[in-house]
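Architecture at a glance
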Amino acid sequence: MFINRRAAESYRRLMDAKDQVGEVSCQSYPDAWFPEREHASDSEVRMAKELCGKCPIRQQCLEFALTNEEAHGLWGGMHARDRLLLLRKTQQVA
Ligand code: SF4
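First, a word on what this report is: a plain description of the structure on this page. What you see is a predicted model, and the numbers here were worked out from it, not measured in a lab.

**A few points about the overall build of the protein chain**
The helix and strand tally for the protein chain stands at five helices and zero strands. In sequence order, the secondary structure elements of the protein chain are arranged as α-α-α-α-α. Taken over 94 residues, the protein chain has a buried fraction of 21%. Considering only contacts within the protein chain whose residues lie at least 6 apart along the sequence, 53% involve residues at least 24 apart.

Put into structure tokens, the structure is as follows:
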């Protein structure tokens, strides 16, 4: 499930943050967060991105997805392709 120890720790931080805020938007309507697997419409995907933008645990969510190199789904308001581009930019800077 986790690619390394850092990813496991990042997941723990995400779950701790989620425990503090309670239910988050992606739990009530998860299909739009995984458009690769589900049949979400473009407008549903846009809505999901907007809700991620307002999510109180967005930072922890995105950090986990980047750390664990999640290849699917919308995490922290970013799709896998966008996360991959962000990782490449970050590696170029480092
Ligand atoms: S930022 Fe993460 S936890 Fe928050 S709604 Fe989006 S996918 Fe869910």
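**Re the site of the ligand**
Neighbouring residues of the ligand: 14 residues in total, closest Cys-26, Cys-52, Cys-55, Arg-58 and Cys-61. Mapped onto the shell around the ligand, the elements with two or more residues apiece are α2 (25-28), α3 (42-53) and α4 (58-67). Class assignment of the residues belonging to the shell around the ligand gives a composition of ten nonpolar, three polar and one charged.

**Considering unusual backbone geometry**
Within the chain, Glu-69 stands out as a residue other than glycine whose phi angle is a positive 50°. Relative to the helices and strands, Glu-69 resides in the loop between α4 and α5 (80-93).

**Quick word on the nonpolar core**
Ala-48, Cys-61, Leu-62, Phe-64, Ala-65, Leu-74 and Trp-75 are the most contacted members of the largest nonpolar core, which has 15 residues in total. Broken down by secondary-structure element, the contributors of at least two residues to this core are α3 and α4. A total of four residues in this core trace back to one element, the largest contributor, which is α4. Residue contacts for Trp-75: discarding those within four places in its chain leaves Cys-61, Leu-62, Phe-64, Ala-65 and Glu-70.

Conventions we followed
Residues numbered from 1 in each chain as written. Predicted model: local features only at pLDDT ≥ 70, side-chain atom pairs only at ≥ 80, totals over all residues. Helix = DSSP H or I, 4+ residues; strand = E, 2+ residues; numbered from the N terminus. Buried ≥ 20, exposed ≤ 12 C-beta atoms within 10 Å, placed from the backbone. Contact = placed C-beta atoms within 7 Å. Near = placed C-beta within 6 Å. Nonpolar A, V, L, I, M, F, W, Y, C, P; charged D, E, K, R; others polar. Core = buried A, V, L, I, M, F, W, Y, C linked by C-beta atoms within 7 Å.

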